[in-house]
Every structure is written in C-alpha cells, then in structure tokens.
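Each chain is listed here by its residues.
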Amino acid sequence: MISDPDVVGLLYLVTIVCFVVALKFLSSPRHARKGNWVGGAGMLVAIATTLALDGIGNWALILVGLVAGTVVGVVGARTVRMTAMPQMVAVFNGVGGGAAALVALAEWHTLADPVRDESTSIVLSALIGSISFAGSVVAFAKLQELVSGRPIVFPGQNVVDSLILLGAAGLGIAAIAGLEEQWVLYLLIALSLLFGVMFVLPIGGADMPVVISLLNAFTGLAASATGFVLDSTVLIVSGMLVGAAGTLLTLLMAKAMNRSVANVLFGAFGQVHAGPGAARADDGRTVRATTPEDVAVQLSFARKVIVAPGYGMAVAQAQHDVRQLADLLEERGVEVKYAIHPVAGRMPGHMNVLLAEANVPYTQLFEMDEINPEFPQTDVVLVIGANDVTNPAARSDPSSPIYGMPILDVDKAASVVVMKRSLNPGFAGIDNELYLDPKTTMLFGDAKDSVLKLISAVKAL
Amino acid sequence: MSDASLVLELTVLVLAAFLGFEVISKVPTMLHTPLMSGANFIHGIVIVGAIIVLGGAEDTFTRVVGFAAMVLATANVVGGWFVTDRMLGMFKRRPEPKKEKDGA
C-alpha cells in the first residue's frame, strides 16, 4: 500500500504526462495510434495507484464493477459498426458524465460537514455530469433513430428549459450556502437530468456535431469538478484537457456552420421551412434526373472527379462501394479526390473515419479550404448524400437560414451529379438551389444501390 | 481543503486549460473523431474518483452509488480506449500499392 502522498502525486503526474503525450501524438495520423497506447498506459498507472491507496476496501465490489464495466466497454466498442460511431461516442461520453455525477452524490452523502468549496465542487460535478449523461442518452437515441432526428419543439420551450435550469442552479446555490439536506442534491440531479433531455431534444440531426462536442466538454468539466471534491490533480488536469478539447471542437463546428453556439443550441433550426416541395420549380427551372449509365460515362471520361460525401453515405453504409468505384476510375486514369466539409455527418470528422474504414488513404481526403479552389478545374463532382453543405444559397441568398455558412463550391465544377434518395430537403429543412442548376443532374435512390449500379455500369463500358 | 491548496488547484486548472487548447489546436480536422473519442477515454479518469468513493464506502447507499459509478467509469475507460484504437487503426497512408499521385 502506498501511504506517502508524494509518491502518489508523482505517479499521478506520470498519468498526466501520458495523457498530454497521447493528445500530442494525435496531431498526425502516423503516431496517433501509438499515442492512444501511451494514454492507456497512463490510465493503468492511475488505476493501479488508486487501488493501492491506503484505506481502500470493498474489494469484491470494486472487482465486480471493473469486470462488468470492462465487459460492457469491450463488447460495445468491438461490435459496433463504424457507421454507428457517433452513437458510440455519445454513449461513452454519457457514462463518464454519469459516473462523475454519482461520485459527487456519494461524496455529498459521506461528507458530514462539507466546507464551501467542497459543496461547490460537488454541486458543479453533479449538475454538469447529469446534464451530460441525460443529454448524451438523448443524442444517442436520436442518432440511433429511436426518437426522431428532427428537432422536437413546443411553444415556450426556451422558457421551460430556463426555468428548469434556474431551479437546478437555485438548489445548487442553496446547497453551497449551507442547506446540507440529502434531498437537495437528489432534486438537483433530477432537474439536471431533465434539463439534459430538454436541451438536446430540440436540436436537429445536422447540428449533432456541435452537441456531441459540447457534451464531451461537459463531461470533462464534470470530471474536473470531481477532482476538486477529492483534491485530485490528476482528475482536475485530465478533466480540463477534455473540457478544452470539447470546447475547441464546439467552437470549430459552430464556426463551420457560421452560426453561434447559442443559435445552434437554442435556435431549434429547421422545423419551420418544411414548405410544400412542389413550389420549387416555379421559375421554370426543373430538376433533371439521370441514369447510372450516363453518369458512368461522365465519370469514366473525366480527367478529375471530386467526391463530396455526406450523412447519406453513412446511412447507406456506402463507403466501401464508393472506394471501389474510385479505384475503378483511377485505373482508368481519372484523378479522384474527396472533399470533406467540416460538419458533414453527425460528428466532427465523421466522413474521415468512414472513408478510413473503407481503406481510402487519408492523403486523398481534402478539407474544404484546400479543395474549394480545385472545383473550377474539376469535370465531375459526385455528391453522395450531402445536402446543406453544398447549397449555393449559403453564398448568395441572404434570406436563407444557412446564409454565410462556408460550403463546398461544387457548383463551380463543370458538372455535378447528386445522389440522393428523394427531393426531400436535408436536415436543415431548406431547398437546395444546386438541384435546379442546369449543370446538375440527379441520380435518385439509396446511395449504396446507386453506387453499386455505377460500378457495374463503369465496368461494362 | 485549505484555501492555499484551493488556489493551487485553480492555478493547475487554468494552466491545464491553456495546455489543452494549445495541444488540441494542433490536431488536424481529419482526426477530430478519434480526438473526441480519445478525449472520451481520458475523462474516464473519473474512475479514480469511483474507486476512492467505493473503496471508502461504509454504508449501503454509498456502496450502491459507488458501485454504479465504478461500472460506468470502467465502461467509459475501456470502451473509450478500444473505440479510439479501432478507429486509429483504420487511418492508413496507402493501403495497397497504387499510382503515386496526389500523395501529400
């Protein structure tokens, strides 16, 4: 058993260093995996050190907990499909927040007479951890399509939500001020859970990258607050590192949509614009449908093709077939690149992971700013299940809800083929001008089916 | 917790925030999903809190709550790590020998 606090502190310092190194290694895909191993080693040091602390008992329970959690974690992580990654990230985020809230609850119960900064930390940890837990569960349910991915709204929602949050905050302040009853924290946790649910429900699927990043930050901050309760620097620092990561990603995602974080969270974007789709061709322009055979010819005789994937590719799980199509085209001497919009999909970097799973070398994937200047020299752009991130209204129509959002300039290419299930508007619920552009043709159908048809059509040429 | 150690802990917190921003702003967009998942794994450090609470629990309520925290935190650590490892294992430079163009 370790009783010297200096030794304990130094061992935890090893953990902190490992975590920072793990994050540093993430700056390049070549070292990133090694970094994760370093982080894992750091975590083992922290766990072993804590288990060896003086006064740790209840070994049977600890052991059972470790085994149960490990089984859940391994099975979950190993069996989930790559297309279900956003849900999985949400789940593991939620359990962390839940754990932080439970630790706070146990401390509240145990501490006979908490001093003010202890109760402050307990309140923060319980509040943020519970919001993160409940919010992540709702995010999971939305991504898994257990509940509608569309925004769920009702009149006065922001008022109700504010009241719930104010109630939780009021209880928190009461607890800090010295109201040390057990029920205070129970009620605070209940209200925070409710707020977590209410806060994610009105957020539409396309805004999920922002929400998931934000919940990630919340869990980090909750862990950090727990560190203040337990006087544990390793918790404070590690939690804050995650808090910083999540905050940074949240800001980046909001910036990529040209919206403020508050607008994403409280704007309940997208439910108003679902006007009648028939009104679209009023100005005489119409949408032109095409066939896989035509597209196959277009692609095979192009010099340069850019693929712009979106959530539709993830839903149809078409990434492997897309790669196969790209390989076929490359064999014919066509240059193929991928254009990745920062908020394509349901979490930051979603498309990169899917295409990596399909063995697309990451050197072929290009970020928006890198690829946008190349569209004018591109013969064909293949838009696969992406919508709002290609909508030229973001550049030209100040009345559009997505006006000002940086987009992939696919309309600057010589021709555009859009693969889409139907003419329904995307998650943002707005019509896409791109589809009426004379350069654009539409290939309707499930992305996977369409790509498979394209593959056989290209082979038949 | 004395006031001196509270101030010290706050100092550490603020420095960690700067360090976090500094390190994480270097992560390329391409790796943002593994970053999130890796960050998920790191906040699994709350397992330290779970062990301390459960390990020191003396009544049934604390045991139950601590045990639940233990299970959740362990799932966080283990799941977060494996998901990250699985994702990072997929990022490859050139999976098969192919034409050497547009290689960055």
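Note that the structure is predicted; figures quoted are calculated from it, not measured.

## Things to note about the sheet that holds strand β1 (residues 304–309) of chain A
Residues and elements named next belong to chain A.
Here is step 1: In spatial order, the strands read β3-β2-β1-β4-β5-β6; together these six strands make up an open sheet with parallel pairing. The open sheet terminates on both sides in strands that have one partner only, identified here as β3 (365–367) and β6 (440–444). Ignoring which end each strand starts from, the neighbouring axes of this sheet average 25 degrees apart.
Here is step 2: Note that β1 and strand β2 (residues 335–340) share four bridges and pair parallel. The partner of Lys-304 across the bridge, within β2, is Glu-335.
Here is step 3: Sheet contacts for helix α13 (residues 319–331): β1, β2 and β4 (380–384); angle to β1, the most-contacted strand, approximately 175 degrees.

## Focus on the interface of chain B and chain A
Here is step 1: Counting from both sides, the interface comprises 86 residues of chain B and, opposite them, 102 residues of chain A.
Here is step 2: Among the secondary structure elements, those contributing two or more residues to the side of chain B that touches chain A are α1 (3–24), α2 (32–42), α3 (46–55) and α4 (60–90) of chain B.
Here is step 3: A total of 29 residues in the side of chain B that touches chain A trace back to one element, the largest contributor, which is α4 of chain B.
Here is step 4: Looking at the side of chain B that touches chain A residue by residue, the classes come out as 51 nonpolar, 23 polar and twelve charged.

## Describing the packing of helix α5 (residues 116–143) of chain A against helix α6 (residues 157–177) of chain A
A pair of packed helices is characterised by two quantities: the angle between their axes and the separation of those axes.
All names here are of chain A.
Here is step 1: The contact between α5 and α6 brings their axes to 8 Å, and the two run at 160 degrees. When the axes of α5 and α6 are compared, the pair comes out roughly antiparallel. For α5 against α6, the interelement crossing comes out right-handed. Listed contacts from α6 to Arg-116, Ser-119, Thr-120, Val-123 and Leu-127 of α5 are Ala-168, Gly-172, Ala-175 and Ile-176.
Here is step 2: Of the residues assigned to the contact of α5 with α6, the class counts are five nonpolar, three polar and one charged.

## Notes on the nonpolar core
Here is step 1: Ranked by internal contacts, the top residues of the largest apolar core, which has 194 residues, are Ala-308, Val-383 and Ile-384 of chain A together with Val-46, Ala-50 and Ala-69 of chain B.
Here is step 2: Those residues in contact with Ala-69 of chain B, other than ones at most four positions away along the chain, are Ala-99, Leu-102, Val-103 and Ala-106 of chain A together with Ala-50, Val-53 and Leu-54 of chain B.

## Quick notes on the confidence of the model for chain B
All names here are of chain B.
Here is step 1: Across chain B, the average pLDDT comes to 88, with 86% of residues at 70 or higher.
Here is step 2: Mean pLDDT values over the elements of chain B span from 91, in α1, up to 96, in α3.
Here is step 3: Within the model, pLDDT remains below 50 along residues 97–104, and this stretch shows nine contacts once partners closer than five positions in the same chain are excluded.
Here is step 4: For this predicted complex, the interface score ipTM comes out at 0.90, while the overall pTM is 0.88.

## A short note on unusual backbone geometry
Excluding glycine, residues mostly have negative phi values, and the peptide bonds linking residues are mostly trans.
Residues and elements named next belong to chain A.
Here is step 1: In the Ramachandran plot, Asp-231 falls in the positive-phi region, its phi being about 55 degrees despite a non-glycine side chain.
Here is step 2: Topologically, Asp-231 is positioned in the loop between α8 (208–230) and α9 (233–256).
Here is step 3: For Asn-359, which is not a glycine, the phi torsion comes out positive at approximately 65 degrees.
Here is step 4: For Asn-359, the location among the structural elements is in the loop between α14 (350–357) and β3.

## Some details on the environment of Phe-140 of chain A
Residues and elements named next belong to chain A.
Here is step 1: Positionally, Phe-140 belongs in helix α5.
Here is step 2: Judged by local crowding, Phe-140 falls into the buried class, with 22 C-beta atoms found within 10 Å.
Here is step 3: In this structure, the C-alpha to C-alpha distance between Phe-140 and Gln-87, residues 53 residues apart in sequence, is 4.9 Å.
Here is step 4: Discounting residues that sit within four places of it in the chain, Phe-140 has contacts with Gln-87, Ala-90, Val-91 and Gly-94.

## What to know about the environment of Gly-349 of chain A
Here is step 1: Structurally, Gly-349 of chain A is set in the loop between β2 and α14.
Here is step 2: Given 27 C-beta atoms within 10 Å, Gly-349 of chain A falls into the buried group.
Here is step 3: The sequence separation of Gly-349 of chain A and Gly-42 of chain A amounts to 307 residues, and the corresponding C-alpha distance is 26 Å.
Here is step 4: Leave out the neighbours within four places in its chain, and Gly-349 of chain A touches Thr-29, Met-30, Leu-31, His-32 and Thr-33 of chain B.

Reading guide: rules and limits
- Within any chain, residue numbers begin from 1 and follow the written order of that chain's sequence.
- In the order they appear in the text, chains get letters beginning with A and ligands get numbers beginning with 1.
- Only residues with pLDDT of 70 or above have their local features reported here, since the model is predicted, and side-chain atom pairs are shown and tallied only from 80 upward, although totals for entire chains, interfaces and linings are computed over all residues.
- Strand pairing requires that DSSP identify at least two bridges connecting the strands.
- A run of H or I in DSSP counts as a helix once it spans at least four residues, and a run of E counts as a strand once it spans at least two, with each numbered from the N terminus.
- Geometry is summarised by axes, namely lines fitted to C-alpha atoms with helices restricted to the contacting stretch, and by angles between N-to-C directions that run from 0 to 180 degrees.
- Here the contact rule is simple: place C-beta atoms from the backbone, and any two residues whose C-beta atoms are within 7 Å are in contact.
- Classification used: nonpolar for Ala, Val, Leu, Ile, Met, Phe, Trp, Tyr, Cys and Pro, charged for Asp, Glu, Lys and Arg, polar for all others including Gly.
- We call two directions roughly parallel when the angle between them is under 35 degrees, roughly antiparallel when it is over 145, roughly perpendicular when it lies between 65 and 115, and oblique otherwise.
- Throughout, a crossing is termed right-handed when the near helix is turned clockwise from the far one, and left-handed when it is turned anticlockwise from it by less than a right angle.
- We define the nonpolar core as any set of buried residues of the types Ala, Val, Leu, Ile, Met, Phe, Trp, Tyr and Cys, connected via C-beta atoms lying within 7 Å of each other.
- Note on burial: count the other C-beta atoms lying within 10 Å of the residue's C-beta; 20 or more is buried, 12 or fewer is exposed, in between is partly exposed, and C-beta positions come from the backbone.
- By definition, pLDDT measures how confident the predictor is in each residue, and it falls between 0 and 100.

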